[in-house]
Amino acid sequence: MQLRDIKFEEEYRSDRNDIVAEFFFPCLSTCTEYDRCVDYLSIRNLTGIAMGFDNFTSGKARLRMITGNKFKIGDLNLLTKLFNEKYTKRFDGKLIRDVKIQKLQDFINNGQIELKIAITNSEMVSNLFSERIGIFKDGTGDAVAFTGTSSSLSTNVRDFESVDVFTSWNDKSRIERKIKDFEDLWENKTKFVQVHDFMEAERNNLLKYSPEWVFEV
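Residues numbered from 1 in each chain as written. Predicted model: local features only at pLDDT ≥ 70, side-chain atom pairs only at ≥ 80, totals over all residues. Heavy atoms only, no water.

Colleague: In this structure, what is going on with the pattern of salt bridges? I would like to understand it.
Modeller: Once their charged atoms are close, side chains differing in charge can pair, the charge on each being opposite to the other. Tallied over the full model, the rule gives 13 salt bridges. Between Lys116 and Asp197 there is a salt bridge whose closest N-O contact spans 3.8 Å. Here Asp197 lies in strand S9 (residues 193-197) and Lys116 lies in strand S5 (residues 113-120), a separation of 81 residues in the sequence. Looking at Lys116, the relative accessible area reads 13%, which means it is buried. Through salt bridges with shared partners, a single network forms among Glu11, Arg13, Asp15 and Arg16. (Salt bridge = Lys/Arg side-chain N within 4 Å of Asp/Glu carboxyl O. Helix = DSSP H or I, 4+ residues; strand = E, 2+ residues; numbered from the N terminus. Buried < 20%, exposed > 50% of the residue type's maximum accessible area, 1.4 Å probe, protein only.)

Shown next as structure tokens:
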């Protein structure tokens, strides 16, 4: 099955769609590349993406994620361990959470997950990176892009939201623009923001953290 085989709607909205089940899960289980910009990132969401990415287990899939620089302390501590090449201790354990985190570490060590941090650097914009776009690609060269929605893949409680969807076979120019926007960010070529590798940002004290931020992602 490829992305083109999925029947997409132009828009998914909370009052009439299960956005995770109807859009995200089919795309994740079909694509081989996923590029994503989010404002916040948590371990829970990162493991959710990895578990939904069927091609990860065969070593074929790739996830590139760009997020803002605000984290919960627990998430930041664990992300630092996962992306630190010197950290070799395994997360083996009986809890489901331990199994998921160990799989996440394996994917990261295998080079299948990359994380970068976007930090605004101009008085022309506020001090928060909050772009929300995503691009799925498959092995045939087709792509599906979307805008909107939080980074959460929870199927239980979610914000009221909507997702606008574009496909390479029906909206080529818009897909190409979204891909270029992401690539420019990834290569640190975007005006008003500075993009750093996660561990570089951590080593240079560019990340903000607090135990009190209440966001479920």
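Colleague: How should the sheet that holds strand S6 (residues 133-137) be read in this particular structure?
Modeller: Backbone-to-backbone hydrogen bonds join strands into a sheet, with any given pair of strands oriented parallel or antiparallel. Spatially, eight strands are ordered S1-S8-S7-S6-S2-S3-S5-S9 in an open sheet, and the strand pairing comes out mixed. Edge strands, defined here as strands with exactly one partner in the open sheet, are strand S1 (11-13) and S9. Between one strand axis and the next, the sheet turns by 15° as a mean value, whatever way the strands run. Two elements, strand S2 (residues 33-38) and S6, share five bridges in a ladder whose sense is antiparallel. (Pairing = 2+ DSSP bridges. Axes fitted to C-alpha atoms, helices over the stretch in contact; angles between N-to-C directions.)

Colleague: What's the story with the state of the cysteines in this structure? I'm lost.
Modeller: A covalent bond between the sulfur atoms of two cysteines is referred to as a disulfide. The final tally for this structure, using the stated rule, is zero disulfides. No disulfide involves Cys27; its sulfur sits 7.0 Å from that of Cys31, the nearest cysteine. Judged by its relative accessible area of 0%, Cys27 falls in the buried class. (Disulfide = S-S within 2.5 Å.)

Colleague: How do you make sense of helix H5 (residues 172-186) when you look at a structure like this?
Modeller: In an α-helix there are 3.6 residues to a turn, and that puts residues three or four apart on one side. Taking 1.5 Å per residue, 15 residues should reach 21 Å; H5 reaches 21 Å between its end C-alpha atoms and fits that length. If you check which residues of H5 are buried, you get Ile175, Lys178, Phe182, Asp184, Leu185 and Trp186. Just downstream of H5, Asn188 is the residue with a positive phi angle, here 60°. (Expected span 1.5 Å × (residues − 1).)

Colleague: Is there a simple way to explain unusual backbone geometry in this structure?
Modeller: Note: most residues except glycine have negative phi, and most peptide bonds are trans. A positive phi angle, near 60°, is found at Asn188, a position not held by glycine. Note that Asn188 resides in the loop between H5 and S9. For Asn188, a relative accessible area of 30% puts it in the partly exposed group. Backbone geometry places Phe192, a non-glycine residue, at a positive phi of 80°. With respect to the element layout, Phe192 can be found in the loop between H5 and S9. A relative accessible area of 29% means that Phe192 is categorised as partly exposed.

Colleague: What is the right way to read the nonpolar core from this model?
Modeller: Inside soluble globular proteins, nonpolar side chains tend to come together where they are buried. Phe23, Tyr34, Phe136 and Phe198 are the most contacted members of the largest nonpolar core, which totals 46 residues. Among all residues touching Tyr34, those that are not within four sequence positions of it are Phe24, Leu28, Ile49, Phe53, Arg62, Leu63, Arg64, Gly134, Ile135, Phe136 and Phe146. Grouped together as the second largest cluster of nonpolar side chains are 15 residues, Cys37, Phe129, Ile135 and Val193 included. (Core = buried A, V, L, I, M, F, W, Y, C linked by side-chain atoms within 4.5 Å. Contact = heavy atoms within 4.5 Å.)

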